[in-house]
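Descriptive structure summary
The chain contents come next:
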Amino acid sequence: MAFTDRVQQILSWYSSENPGTLTNLARLLNHGKLAGTGKLVILPVDQGFEHGPVRSFAPNPDAYDPDYHYQLAIDAGCNAYAAPLGSLEAAAAKFAGQVPLILKVNNSDTLAKMDQPISALTSTVEDALRLGCVAIGYTIYPGSGARNTMYQDLKELTLEAKRKGLVVVVWSYPRGAGISKQGETAVDICTYAATIAAQLGAHLIKVKPPSAHIEQPEHQKVFEKHGIKTDTLADRVRLVVQSCFNGKRVVIFSGGEAKGSEDVLKEVKELAAGGSFGSIMGRNAFQRKRADALQLLGDVMSIYKSA
Amino acid sequence: MAFTDRVQQILSWYSSENPGTLTNLARLLNHGKLAGTGKLVILPVDQGFEHGPVRSFAPNPDAYDPDYHYQLAIDAGCNAYAAPLGSLEAAAAKFAGQVPLILKVNNSDTLAKMDQPISALTSTVEDALRLGCVAIGYTIYPGSGARNTMYQDLKELTLEAKRKGLVVVVWSYPRGAGISKQGETAVDICTYAATIAAQLGAHLIKVKPPSAHIEQPEHQKVFEKHGIKTDTLADRVRLVVQSCFNGKRVVIFSGGEAKGSEDVLKEVKELAAGGSFGSIMGRNAFQRKRADALQLLGDVMSIYKSA
Amino acid sequence: MAFTDRVQQILSWYSSENPGTLTNLARLLNHGKLAGTGKLVILPVDQGFEHGPVRSFAPNPDAYDPDYHYQLAIDAGCNAYAAPLGSLEAAAAKFAGQVPLILKVNNSDTLAKMDQPISALTSTVEDALRLGCVAIGYTIYPGSGARNTMYQDLKELTLEAKRKGLVVVVWSYPRGAGISKQGETAVDICTYAATIAAQLGAHLIKVKPPSAHIEQPEHQKVFEKHGIKTDTLADRVRLVVQSCFNGKRVVIFSGGEAKGSEDVLKEVKELAAGGSFGSIMGRNAFQRKRADALQLLGDVMSIYKSA
Amino acid sequence: MAFTDRVQQILSWYSSENPGTLTNLARLLNHGKLAGTGKLVILPVDQGFEHGPVRSFAPNPDAYDPDYHYQLAIDAGCNAYAAPLGSLEAAAAKFAGQVPLILKVNNSDTLAKMDQPISALTSTVEDALRLGCVAIGYTIYPGSGARNTMYQDLKELTLEAKRKGLVVVVWSYPRGAGISKQGETAVDICTYAATIAAQLGAHLIKVKPPSAHIEQPEHQKVFEKHGIKTDTLADRVRLVVQSCFNGKRVVIFSGGEAKGSEDVLKEVKELAAGGSFGSIMGRNAFQRKRADALQLLGDVMSIYKSA
Amino acid sequence: MAFTDRVQQILSWYSSENPGTLTNLARLLNHGKLAGTGKLVILPVDQGFEHGPVRSFAPNPDAYDPDYHYQLAIDAGCNAYAAPLGSLEAAAAKFAGQVPLILKVNNSDTLAKMDQPISALTSTVEDALRLGCVAIGYTIYPGSGARNTMYQDLKELTLEAKRKGLVVVVWSYPRGAGISKQGETAVDICTYAATIAAQLGAHLIKVKPPSAHIEQPEHQKVFEKHGIKTDTLADRVRLVVQSCFNGKRVVIFSGGEAKGSEDVLKEVKELAAGGSFGSIMGRNAFQRKRADALQLLGDVMSIYKSA
């Protein structure tokens, strides 16, 4: 299979990685309906762990079943399916090779009151290999007082993953004592969080769509001084992309809470216009009935395809 | 020995595991009076460690003797006997091969005041192999601020256990600063705790029978919105089963404090009606006189057999 | 499951082993139609490797399929099925838990011209654990100039297997420059080979039925001086059993080349009369049509049962 | 040396252990004046480390010399001498083989203010082997917030010690934020602490003589409900013995602070009457002049001998 | 147990060893009827492996049973019992602690035609620890072209054994292309072989009683020049003892083939007169009826005792 120029270009940004990691990155980029476009739509399902099963799956009880998500990701033509250990294991043998897998190696729940937000390590690079994953996924909370533990754990995982030829995906969600609730999606914070992920060696970076809010006074001054445009989501996305090594790291955006299809598509158009490499869409996919989810994911892919 | 369709079906849910783990899972499912039914009644005896010897064994002093529990599990036809290192070692050679063993690899006592609830690691996967166990057992306390340490320790144990062909049983008991006393058995928390265990890679999950209480406001809203039935214990058990990968992970329920046989059997009927895969019954077994315990365990098995 | 006195007696001979090894030994002794009798009939299929597939399976082409042998061992009620890595892997998940497995960890083929006979190490203790085996099997060729490599490899495997709770089965087949063709089954050599296996720490020993030939002059003198009876196969088997720690190690006999059922049963009667713990019967089982094989294995088991 | 029936009986309780551990256990039971009785009097000298040299040895300055304790243990006919690394090393070569040695592998001093009581690991299993010890000794403080670290360290030590054929002795001294000063020797806490040691895999358990105080309300209720006798020290010792796997683990009692010989002997009589397996007597031995110490140890042994 | 001056003197020759090794050496010297004399009579039973079971045990069929030898060594009051892995394992738990054990970690059989004589490694230092042995035993064949492999394997074993506190016993039997059949017991060769063992770090050295034959011309000249007396066995033994670091390594002599009690005792008297530290007597012990063996061993011990 000859690769598209775009895929070759993207791979060229990662030329320090070993061929194993490049191979798995290529698998991500060449799978599903967006294969070869350099765009990605990924199905992530860690809400059972992160929010509890009932909040996650009651809107569409078929989604209690781990098989459901594999099949949805396959049928929708997603580039990958990302989930914690248990979910992947539950059907990894059954669907082996049908969709690239990302093992989410840390997870949090809403039961514990943690002094500082930090997810627990819940699986390993070894698990990712035995389950046939192309990547590991890891969440950092820039802004947390437990930052160092997270970055250090990630450092070890990244080193091992790259040595073994895996891709590293980092969810970068600002959170913690240093950041206001509004600041968690502030454009200055979001761009910053994206850069941190890139600096930690992430191959793929996942952030939330940034709001126009600016959290830090130091940033406020700079944004004003240089007349940095942040009016539209597309403007702000462009800034995030720029913050990811001037567009040389793949950055994708999460969809957040479930909402109407109109709203989803409107947001995705802005993301695409801003140069996003794609979307990672969980609740908006699996909390819809299957037919609706397939429709919506298809529409989202169409937007990226024509971007 | 040909396997029943039900046992084959259950094994099919674990197809990502190696044949060693499947073999030990099959041993659990095919031993004792419930062999082949897909149901399990397990005798756990960690109360000596968890509550102290006198509170545990004064009601039936024969139970001070480690041999007693082996013999009880064997004679009652339990699927397995679970205990900490010392108890298993005390008679593992004597009863070798007579009943599947689960080594409880972490334990807590009531002497220490811990800032955050977390059990101590007290034995290893290597111990489980040298004692001839089919599984390791590990307790997590979702809701504890020490959650991350627990999940991370479990991650390592799970990886090693699965590589060596053992089954992983997780006791998931919500507890800690994030949860009210009442919330520890709340239906939203219990279902959540069951899912966490499943996501952590548990093959067998042990939770407490859930009450109708709902702890988290976010859950309250979802339960109401979707009209989720939680009136009877059977309803709530059904929800727990669903939360364990839509019934594709074996989940069993603990009996809790010793109570009258009537009450035990009434509760077990509800558990069975809700689709529980079985019971793990410690104090209600070994705190009775042996004849009574055999009678009660036999009655419990009959309920599951005809469920 | 209460054990028979005979099984308890056999286990008592292995009291230096850990409970894990005792458990797996008990599994061998308590499976199939001979469960509890202290006798064993084992199906070994390493001829595909040792003699080539066509020589092995052309007489009964169904036997090309690895599933066939699992099913045959299960349906015949054998105590165990023994095979090299590939054969076991091919269906270990499918038949997990249905029959005790012995992983043959070394194998030879007839393609290479070896200076001295020695099998190649082809799998590991770790493989045995992940495949759910109760034992590893290893072939030694006493009489080979490569003896030392074999014994030394076995020493390492044995130490690891015992630490991990597995049983060690040794095939002891005299062969090599030091022994004439006729001597390979000579009664003095066969008893010697059985003792060597026992001394190397084997739990189960497999030898060929000894002939009345005496190979070594030193032995000839001793046999004559002490008037040791070797007239009948039963006499000679009795001597082999005695040579296995005075009957305190389980020793079983292979059937050798395929022959008529009459001949097989006649030989087995002699083996049983001499105190053999059982038979390991490969070609005489799988080179017959399935119905005939089941019939023959059943008849063999009946002989041991009534011995 | 033929063993007494009592020694054989005691060894039978440890049948899951390897012959190496059984051998070293037999060495403990068959040495000194109490050889063969199943009773033990052990000389422990870790007070130099635990309380400082002057507090420990000023009452009898000869005891500053490590040789002194070896000679005392030998001449008194103790079953063993237990001490930290330095003390043992100081004369292990000189007295090699003259008395079984127990290497105390963790130790605490009174200089540091620890948040939670926990001893430091001060030597290793490898040290125990190179010094010719029959056992390692380890102190746990049930009730300490550092409980988990202690139990987890012990888990690793125990696994290694048992693999290498050593005996594991656990000093179980309740202490920490969860327990009142009075509670440290309360009968409910002491029995609990003994059970914990047994569950952690200890072969020999050392506790303090329990007082009649009951620390935990939950225990108070159980003691009352079941009319458990705790009036005399003998009653309470009986309960401790029962709490050690119904008497199937060797449990011995420490003598505590130095006191008059009358008091010591009176206490030992109660211990013996309650079924104690012996005493571990440090300060009451080495803080007396040698002749007095020999006299007292001799008297103590006589009591156990005739018990 | 206070040690005799002689035992203390012997231990003083090994002052570079760690206390663990000294302890185990003391155990050898202080066990059985010769305890404390500095003399040793050891029962070795590796003939099953080395010569085959029938040649070894037909003269006294009770000796097929591994228990027999343990009991014989115990009842005769031997200092130790030495055997290969299987024999020791067969009853190590049963007789744990009743007699010091020497694990023979390499063994040869008479089935293979080896280019150069060299035994196979058949067990490990780890095995010796788990079986509770005081020593490992290793055979070298000085004169063999495979010398280097043997010395190098022994070097590794010795280093590990000494680190773990074990004693190293070396059987030094000249053999191989460089030596005539008669030369294998020649006095020049035997003294040489004893020195090699000492130089390789052996604590105990076992050689055959030397004949008056002198194998090497270089030796012949020296023997003559210095008028070295070799007339009597006592003379030659004296030379062997001298060759073992001037008597500062314990050297004992094997008895060789079974012979009449008169002959045995006559030879032992010469050995004792020459300063031998004792005898290692296998076939002359276990090939006699038990009562005769006990009588003979007792007589041998008496000779050494009064030497």
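Residues numbered from 1 in each chain as written. Chains lettered and ligands numbered in written order. Predicted model: local features only at pLDDT ≥ 70, side-chain atom pairs only at ≥ 80, totals over all residues. Heavy atoms only, no water.

Moving on to the overall build of chain A. Scanning chain A for helices and strands turns up 14 helices and 10 strands. In terms of overall size, chain A behaves like a compact globule, its C-alpha atoms giving a radius of gyration of 18 Å where 307 residues would be expected to give roughly 19 Å. Seen through its principal axes, chain A has C-alpha atoms that stretch 55 × 45 × 40 Å. Taken across its 307 residues, chain A has 62% of its residues classed as buried. Sequence separation of at least 24 residues holds for 74% of the intrachain contacts in chain A that already meet a minimum separation of 6. Surface exposure of chain A reaches about 11,300 Å², of which carbon and sulfur atoms provide 49%. (Helix = DSSP H or I, 4+ residues; strand = E, 2+ residues; numbered from the N terminus. Rg over C-alpha atoms; globule rule 2.2 N^0.38 Å. Buried < 20%, exposed > 50% of the residue type's maximum accessible area, 1.4 Å probe, protein only. Contact = heavy atoms within 4.5 Å. Areas by Shrake-Rupley, 256 points an atom, 1.4 Å probe, with all protein chains shown as cover.)

A few words now on the environment of Leu271(A). The residue Leu271(A) is located in helix 12 (residues 261–273) in this model. Setting aside residues no more than four positions away along its own chain, Leu271(A) makes contact with Pro209(A), Leu233(A), Val237(A), Phe253(A), Ser276(A), Ser279(A) and Tyr304(A).

Facing the 44 residues of chain A at the interface are 43 residues of chain B. Contact between chain A and chain B buries roughly 3,500 Å² in total, counting both sides, with carbon and sulfur atoms accounting for 58%. Summed over the shared surface of chain A and chain B, the number is 5 salt bridges. Between Arg147(B) and Asp109(A) there is a salt bridge whose closest N-O contact spans 3.3 Å. Our enumeration of links across chain A and chain B arrives at 23 residue pairs in polar contact (both at pLDDT 80 or more). Looking at the side of chain A that touches chain B, the element that brings in the most residues is helix 6 (residues 85–91) of chain A, giving 7 residues. (Buried area = accessible area lost by both parts, 1.4 Å probe. Salt bridge = Lys/Arg side-chain N within 4 Å of Asp/Glu carboxyl O. Polar contact = N/O pair within 3.5 Å; in protein donor to acceptor, adjacent residues only side chain to side chain.)

Take the packing of helix 12 (residues 261–273) of chain E against helix 14 (residues 290–305) of chain E next. Residues and elements named next belong to chain E. Direction vectors running N to C along helix 12 and helix 14 enclose 20°, while the axes themselves pass 9 Å from each other. On the basis of their axis angle, the class for helix 12 and helix 14 is roughly parallel. Judged by the sense of rotation from one axis to the other, the crossing of helix 12 with helix 14 is right-handed. For the pair helix 12 and helix 14, the contacting residues are Ser261, Val264, Leu265, Val268, Lys269, Leu271 and Ala272 in the first and Leu296, Asp299, Val300, Ile303 and Tyr304 in the second. Counted by class, the contact of helix 12 with helix 14 contains 9 nonpolar, 1 polar and 2 charged residues. (Axes fitted to C-alpha atoms, helices over the stretch in contact; angles between N-to-C directions. Parallel < 35°, antiparallel > 145°, perpendicular 65-115°, else oblique. Left-handed = near helix turned anticlockwise from the far one by under 90°. Nonpolar A, V, L, I, M, F, W, Y, C, P; charged D, E, K, R; others polar.)

Packed helix pairs are specified by the crossing angle of their axes together with the interaxial distance, meaning the distance between the axes. All names here are of chain B. Running from N to C, helix 9 (residues 187–199) and helix 11 (residues 233–243) cross one another at 25°; their axes reach a closest spacing of 8 Å. Regarding the angle of helix 9 to helix 11, the classification is roughly parallel. Along this stretch, helix 9 crosses helix 11, giving a crossing that reads as right-handed. Residue-level inspection shows Val187, Cys190, Thr191, Ala194 and Thr195 of helix 9 in contact with helix 11, the latter providing Arg236, Leu239, Val240 and Ser243. When the residues that make up the contact of helix 9 with helix 11 are grouped by side-chain class, the tally is 5 nonpolar, 3 polar and 1 charged.

Before going further, it helps to examine the relation of the copies chain A and chain B. Two copies of a chain can be linked by a rotation about an axis combined with a shift along that same axis. Of the transformation superimposing chain A on chain B, the axial component is 1.1 Å and the angular component is 72°, with the fit at an RMSD of 0.1 Å. In the structure described here, the two chain copies are related by an operation that fits a five-fold rotation axis. (Least-squares fit on C-alpha atoms with pLDDT ≥ 70 in both.)

Another point: the confidence of the model for chain A. Scored by pLDDT, chain A has a mean of 96; 100% of the residues are at 70 or more. Across the interface, the model reports ipTM at 0.95; the global pTM reads 0.96. (pLDDT = per-residue confidence, 0-100.)

Scanning the model with the defined rule gives 28 aromatic pairs over all chains in all. Between the aromatic rings of Trp13(B) and Phe277(B), the centroid separation amounts to 6.0 Å while the plane-to-plane angle is 85°, which identifies the pairing as edge-to-face. In this pair, Trp13(B) sits in the loop between helix 1 (5–12) and helix 2 (19–29) while Phe277(B) sits in the loop between helix 12 (261–273) and strand 10 (278–280), placing the two residues 264 residues apart along the sequence. Residue Trp13(B) shares its accessibility class with Phe277(B), and that shared class is buried. Among the aromatic residues, ring-to-ring pairing joins Phe57(A), Tyr64(A) and Phe286(A) into one connected group. Of note, Lys104(B) hangs over the ring of Trp171(B), and the distance from its end group to the ring centre comes to 5.0 Å. (Phe/Tyr/Trp six-rings, centres within 6.5 Å; stacked < 30°, edge-to-face > 60°. Lys NZ or Arg CZ within 6 Å of the ring centre and 35° of its normal.)

In this section: the sheet that holds strand 10 (residues 278–280) of chain D. Residue and element names in this part refer to chain D. Taken in spatial order, the 8 strands line up as 1-2-3-6-7-8-9-10 and close into a barrel, and their pairing is parallel. For this sheet the average axis-to-axis angle between neighbouring strands, irrespective of direction, equals 25°. In the sheet, strand 3 (residues 101–104) pairs with strand 6 (residues 135–140) via 3 bridges, with the strands oriented parallel. Looking at strand 6, one finds that Lys104 is bridged to Gly137. Lying over the sheet, helix 9 (residues 187–199) contacts strand 6, strand 7 (167–172) and strand 8 (204–207), oriented at roughly 155° with respect to strand 8. Its contacts with the sheet place helix 14 (residues 290–305) against strand 1 (40–44) and strand 10, and it is angled at close to 150° to strand 1. (Pairing = 2+ DSSP bridges.)

Residues and elements named next belong to chain B. Within the closed barrel, the 8 strands sit side by side as 1-2-3-6-7-8-9-10. Their pairing is parallel. Ignoring which end each strand starts from, the neighbouring axes of this sheet average 25° apart. Against the sheet, helix 14 (residues 290–305) contacts strand 1 (40–44) and strand 10, and its axis sits at roughly 150° relative to strand 1.

Mapped onto the elements, Asp292(E) comes out in helix 14. For the pair Asp292(E) and Ser261(E), spaced 31 residues apart in sequence, the C-alpha to C-alpha distance is 9.0 Å.

It is worth spelling out helix 5 (residues 66–76) of chain D at this point. All names here are of chain D. With 8 of 11 residues buried, helix 5 lies mostly within the body of the structure. For helix 5, every residue scored as buried is listed here: Asp67, Tyr68, His69, Tyr70, Leu72, Ala73, Ile74 and Ala76. Capping the start of helix 5 is the job of one residue whose side-chain oxygen sits 2.9 Å from the backbone nitrogen of Asp67: Asp65. Count one or two residues on from helix 5 and you reach Gly77, which has phi positive near 80°.

All names here are of chain C. Looking at where Ser56 falls in the secondary structure, it is placed in helix 4 (residues 53–57). Given a relative accessible area of 1%, Ser56 falls into the buried group. The spatial distance from the C-alpha of Ser56 to the C-alpha of Arg283 is 7.6 Å, given a sequence separation of 227 residues. Ignoring anything within four residues of it in the chain, the contact list for Ser56 reads Gln47, Gly48, His51, Phe286 and Gln287. Here the side chain of Ser56 touches Gly52 through a polar contact of 2.6 Å, landing on its backbone oxygen.

Okay, the state of the cysteines next. With the rule as written, the count across this model stands at 0 disulfides over all chains. The structure places no disulfide on Cys78(C), whose sulfur is separated from the nearest cysteine sulfur, that of Cys133(C), by 16 Å. Its sulfur unpaired, Cys190(E) is 8.6 Å from the next cysteine sulfur, which belongs to Cys244(E). (Disulfide = S-S within 2.5 Å.)

Our focus in this paragraph is unusual backbone geometry. All names here are of chain A. For Phe245, which is not glycine, the phi dihedral falls at a positive 55°. Among the secondary structure elements, Phe245 is positioned in the loop between helix 11 (233–243) and strand 9 (250–254). Residue class for Phe245 comes out partly exposed when judged on its relative accessible area of 30%.

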